[in-house]
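In case you want the letters, here they are:
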Amino acid sequence: MGRSKLGICMFWNVLGMLGLSGNILADTFFVADRLGADGLAALNLAVSVFGMINGTGMMLGIGGSTRWAISAAAGREREGRGAFLLASAMGAGAGLFLAAAGTFGAEWLAGVLGAEGEILPLCASYLKIILQFSPLFICNHVFIAFMRGSGSPGMAMGGMMAASLTNIVLDYLFMYPLGWGIRGAAFATALAPAAGLAVAAVWLAGNRAFFSLKGAGAFFISSFWPAAGDLIRLGGAAFVNESSTAAVMAVFNLLILEKAGSVGVAAYGIVANLALVTAAVFTGISQGCQPLIASAHGRGRGEEGADIYRKAGRLAGALGLTAVLAAWWFAPVLTALFNGAGDPVLQQTAETGLRLYFIGFLFVGWNLMTAAFLGAVERTGPAFRFSVFRGFLGIVGAALVLSQMMGLAGVWLAFPAAELAARILGRRFMPLPGDTVFQISGTDGGV
């Protein structure tokens, strides 16, 4: 694998993921400025639902594009086209289901997530709008994954950046001149994927032959359920990585409400959203590499895929150290950006949380690359179990234990503790940095 191709894939995808993560960060900034701590707390309780929405889109997109890459490398074009059509159809269906859930159950869900009092209607309003626009979010993720996987990482990045810039412009328009409050933030975020889908439409227009409907009817009749299971299997690790964020944020919010009240939840909103932007860098690296690893796997060139893993992992490790140093050095400045009212308790709580929480980024890059590699080479069992441990069991368990031992500081440290444990566990399957021999025994080992 040439360095230039690997570098280009990672570069475009990192930029795109930063643009995508900017949606929530823009909401956080504008809501904090216009609505203060209550609005920020309501947003942070509601934003956990994005883990489920994005996780569904990434699962179908990454699962489908991984199958396409493997099939294309093996000369099975019909199978690849079927994967695209199936991922798109499943994405639309899942989006409609979530839209219905938002229409009829937003207030109930807000209460489950911990919203109460004046925060409850704010949280429910945001949730209802976001869930109603789920089909746009999910389909945008599917198309972005296929753009990236089919050799158009620049267009994938363009779609994600278009969505992010649209969100920022609409955030300002809806919340300042129009004064729509938190509903304005929700509508701005909900409409943003339309810009990404417009870019996807241009890409689709230039790839009509590749995504031909020829043979689609026979494919859906004969292979629907096995193919659907295949997409879920290949993209399951991505789903767990993203959707577990929702569960983790919900648990953290409840623990922090107990330890520090609504101001603590607002502080967590600052920390979590800055962490989401930072994590987007590592997600971009891992997702940018996954189609290349899958292609190498499909051609029977395992060492080439292992080399991609090692190079990307080293880069991710260096960037993780940079993120930790930046969080410790710039914590006062970063926190102040979202504390326009100058609340001293919010400032101090968020600064401490930022410094402790960001220690986990020393290990995040390697862990995401581990999950991406295992999925790309069809070791779906280990990929799924590793992702479940890293994304949910490890961090929730650490939060419950450490919060009892250390209070609020234990909640902040749960993320680093879980990522360190996952890194140690992941080395059972993956090579250490600098290894020249890459060995994986079996086809579906256990964690």
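All values reported here derive from a predicted model rather than from experimental measurement.

Participant: It is not clear to me how the overall build of the protein chain should be interpreted in this structure. Could you clarify?
Facilitator: Scanning the protein chain from terminus to terminus reveals 14 helices and zero strands. Tracing the protein chain from N to C terminus, the helices and strands come up as α-α-α-α-α-α-α-α-α-α-α-α-α-α. Out of the 447 residues belonging to the protein chain, those deemed buried represent 57%. Across the protein chain, every contact between residues at least 6 apart in sequence was considered, and the portion connecting residues at least 24 apart equals 81%. Approximately 16,900 Å² of the protein chain is accessible, and the part contributed by carbon and sulfur atoms is 67%.

Participant: I would appreciate a short explanation of the environment of P193 in the present structure.
Facilitator: With respect to the helices and strands, the residue P193 is situated in helix α8 (residues 193-205). Residue contacts for P193: discarding those within four places in its chain leaves L136, F137, N140 and A163.

Participant: Teacher, can you tell me more about the confidence of the model for the protein chain here?
Facilitator: If pLDDT is low for a region, its predicted coordinates should not be looked at in detail. Of the residues in the protein chain, 85% reach a pLDDT of 70 or more, and the chain-wide mean stands at 80. When the elements of the protein chain are averaged for pLDDT, helix α1 (residues 3-46) gives the smallest value, 69, and helix α11 (residues 344-357) the largest, 93. Contacts of residues 431-447 to residues separated by more than four positions or lying in other chains number 41 contacts, the stretch itself having pLDDT below 50.

Participant: Can you walk me through the packing of helix α2 (residues 49-73) against helix α4 (residues 119-132) in this structure?
Facilitator: Pairs of packed helices are described in terms of their axes, by the angle between the two and the distance that separates them. Closest axis-to-axis distance for the α2/α4 pair is 11 Å, and the angle between their directions is 5°. In terms of orientation, α2 and α4 fall into the roughly parallel class. In this structure, α2 contributes V49, F50 and I53 to the contact, and α4 contributes Y126, L127, I130 and L131. Grouping the constituent residues of the contact of α2 with α4 by class yields seven nonpolar, no polar and no charged.

Participant: Looking at this structure, I do not really get the packing of aromatic side chains. What am I missing?
Facilitator: Centre-to-centre distance and the angle between the planes together describe a pair of aromatic rings. Applying the stated rule across the entire model yields 16 aromatic pairs. Seen from their ring centres, F358 and F361 are 4.8 Å apart, and the 55° between their planes marks the pair as tilted. We note that F358, like F361, is buried. Each member of the aromatic cluster is reached from another via a ring pair, and the members are F252, Y268, F282, Y357, F358, F361, W412 and F415. Above the face of the Y176 ring, R34 is positioned so that its terminal group lies 4.6 Å from the ring centre.

Basis of the calculations
Residues numbered from 1 in each chain as written. Predicted model: local features only at pLDDT ≥ 70, side-chain atom pairs only at ≥ 80, totals over all residues. Heavy atoms only, no water. Helix = DSSP H or I, 4+ residues; strand = E, 2+ residues; numbered from the N terminus. Buried < 20%, exposed > 50% of the residue type's maximum accessible area, 1.4 Å probe, protein only. Contact = heavy atoms within 4.5 Å. Areas by Shrake-Rupley, 256 points an atom, 1.4 Å probe, with all protein chains shown as cover. pLDDT = per-residue confidence, 0-100. Axes fitted to C-alpha atoms, helices over the stretch in contact; angles between N-to-C directions. Parallel < 35°, antiparallel > 145°, perpendicular 65-115°, else oblique. Nonpolar A, V, L, I, M, F, W, Y, C, P; charged D, E, K, R; others polar. Phe/Tyr/Trp six-rings, centres within 6.5 Å; stacked < 30°, edge-to-face > 60°. Lys NZ or Arg CZ within 6 Å of the ring centre and 35° of its normal.

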